[in-house]
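Reading the structure
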Amino acid sequence: MVLKLFGYLRNIGFLSAGLLFCYLINPLNYGFVFGYFLIILIVLKKDFISRNLDFNFLIIIIFSVCYGLFYGLDPEAGTQFIIVYSFTPAFLYLWGKYLAFKSNNDLKLFYLLFTLGLIFSTPHLISVLINIAEGGLAQDSRSIPMFWGSEAKNATGMAAPFILNMCIPAVLLAHFKKLSIPFKVLMVVVFVLTLVCVLRLGSRTQLVIFLMTFLLTLFYMVPRQSLKQNISLFVILSIGIYFIFRNVSFDLDQDWLTSFAGRMQQNNGTGDIASGGGRTDKWVKSFEYIFKKPLGWDVEEFGYSHNLWFDTLRVGGIISFTILLVFSWKSFVQVLKVIKSAPTNVPFNIFIFSYFVSFNLLFMVEPILDGSFQIFTFFCLFMGVINKYYSMNFLFR
C-alpha cells in the first residue's frame, strides 16, 4: 500500500502533495499560506482548468466571494482572510478533481481520501494524546492546546478533524476485500486512538457520527447480503456488544467519562441532549431571522447558530445562504448518482456515503466557516474527487 501511495504521490507531484498535506496539517495556524500556493499551482495547470470548470465550481466561487465580501464588513480574523474565504473552497474543489483525474480506480481513491483524513486529524490526535499522557482522562478542562504551542483550543474545534476517523468502523464493516490485514490493523488502531481522544474531549457529536455512519452502513448492507452473511454479521456484532457491556462500566463516575459527566451535570442531563445542546432553539431563532434580518445579523444577538447554513446566513445574508443550499443539494444528488451508477460496489459506496454523512452531521451542529473553515474546504475537495470520479465513469473493481 505504501509503495502504491508513493507512486500515486509522485504522479500528482511531490510539491503539490506536500503543499496539500501542509494545508491540512495547518502548522502553527498558518495553513492558509499553503492554500495560497495551492491556488497558484492549480491556476498554472491551464489545460486542466479549462476542461474542468463546471457549474459546481461556479456555485462555490460565487458563494465564497459573496460570503467573503460580507465577512469583509466585520472581519474577525483579519482582512487577509477575505481572500482565503473567497477563493480557497473553489480551488480546493478543482484540486479534488485533479486528484481523481490522476487516479484510475476506486481503491486508489479510497487510500487517498483515507490518508488525507488521517493527515488532517494527526496534529489534533497528537495534541490530545499528549494531554492524556500528562493528565489522564479525568480532567476538568476540555480545552487543549496544540502540541506545537498555542492557546488552548476548545473541545469542539479540537474534535472536529476526527470526523473521517469516526467512519472507520463503517468502512471496516463493508469489508474491503482488497485491503491488506496490516492496513486494517492500522485503521483499527487509528479509530481506537481517536475514540480515546473523543472521550477525553467529551464530544457527543463525534460519537453520533460514529453511531450514525455505522447504523446506516448496517441498514445498507443487510438487504444486499445473503442470509448466511447476515447471520454471521449479527452473531459477531452481538458477541462484540455483549463483551463491551460485560467488561466496561458506563457509570458517569468512571474517570474515563469525566468529560461527559461534566457536560451532563452542566447542561441538566438528557434535556440538553434532546435539544442538541440548546442548538434547536437557536435554529428556530435563525429561521425567524431569515425574514427579520435577511442581510444577516451580529453574533451578539444570540450567539452562534451552531449550524453551517444558518451561521452562513448570519454572516453572509440570504444570498450566501441560498447559494450554499444549492451547492449542498447538488452535492447530495452527486453522491447518490455515484452510488446508483454501480450498485454492486457496496464497499466503495459505503465509504463515500459515510464520509458525506459525517461531513454533513458536523455541518448540522457547528458554525464551521467561523471556527473550522478548513473542514469546509476539505469537503469541497472531497466533492471535487466525487464529481470527477463520476464524470470519468471509472470501472469499479
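In what follows, the structure referred to is the one given above.
Let me begin by describing the structure that accompanies this report.

Criteria and cut-off values
- Residues numbered from 1 in each chain as written.
- Predicted model: local features only at pLDDT ≥ 70, side-chain atom pairs only at ≥ 80, totals over all residues.
- Heavy atoms only, no water.
- Helix = DSSP H or I, 4+ residues; strand = E, 2+ residues; numbered from the N terminus.
- Buried < 20%, exposed > 50% of the residue type's maximum accessible area, 1.4 Å probe, protein only.
- Contact = heavy atoms within 4.5 Å.
- Areas by Shrake-Rupley, 256 points an atom, 1.4 Å probe, with all protein chains shown as cover.
- 1 Å grid on protein atoms, 1.4 Å probe; cavity = no way out; pocket = protein on both sides within 12 Å on 5 of 7 lines; lining within 4 Å.
- Points joined across faces, edges and corners; volume = space filled by probe spheres on them.
- Nonpolar A, V, L, I, M, F, W, Y, C, P; charged D, E, K, R; others polar.
- Axes fitted to C-alpha atoms, helices over the stretch in contact; angles between N-to-C directions.
- Left-handed = near helix turned anticlockwise from the far one by under 90°.
- Salt bridge = Lys/Arg side-chain N within 4 Å of Asp/Glu carboxyl O.

1. Examining the overall build of the protein
Helix and strand counts for the protein come out as 18 helices and 0 strands. Burial statistics for the protein: of 397 residues in total, 51% are counted as buried. Taking the contacts inside the protein whose residues are at least 6 apart along the sequence as the reference set, 72% of them involve residues at least 24 apart. A total of about 18,700 Å² of accessible surface is found on the protein, and carbon and sulfur atoms cover 67% of it.

2. A look at empty space enclosed by the protein
The tally for this structure, following the rule as stated, stands at 1 cavity of 30 Å³ or more. Of the pockets and cavities examined, the largest cavity occupies roughly 40 Å³. In this structure, the largest cavity is lined by Leu308, Trp309, Leu324, Phe327, Ser328, Ser331, Phe356, Asn360, Phe363, Phe376 and Phe379. Among the secondary structure elements, those contributing two or more residues to the lining of the largest cavity are α16 (308-341), α17 (346-365) and α18 (373-392). Tallying contributions element by element places α16 first for the lining of the largest cavity, with 6 residues. Among the residues making up the lining of the largest cavity, the classes are represented as 8 nonpolar, 3 polar and no charged.

3. Here's the deal with the packing of helix α11 (residues 204-221) against α17
As a packed pair, α11 and α17 sit with axes 9 Å apart at the nearest point and diverge in direction by 145 degrees. α17 is crossed by α11, and the crossing has right-handed handedness. Within the contact between the two elements, α11 uses Thr205, Gln206, Val208, Ile209, Met212, Thr213, Leu216, Thr217, Tyr220 and Met221 and α17 uses Val346, Asn349, Ile350, Phe353, Ser354, Val357, Ser358, Leu361, Leu362 and Val365. Its residues placed into classes, the contact of α11 with α17 shows 13 nonpolar, 7 polar and no charged.

4. Re the pattern of salt bridges
A side chain with one charge can pair with a side chain of the opposite charge if their charged atoms come near. Scanning all chains against the criterion turns up 5 salt bridges. The partner of Asp311 in a salt bridge is Arg314, and the shortest N-O contact between them spans 3.0 Å. Placement of both Asp311 and Arg314 in helix α16 is noted, with a separation of 3 residues, approximately one turn of the helix. Using a relative accessible area of 4% as the deciding quantity, one classes Arg314 as buried.

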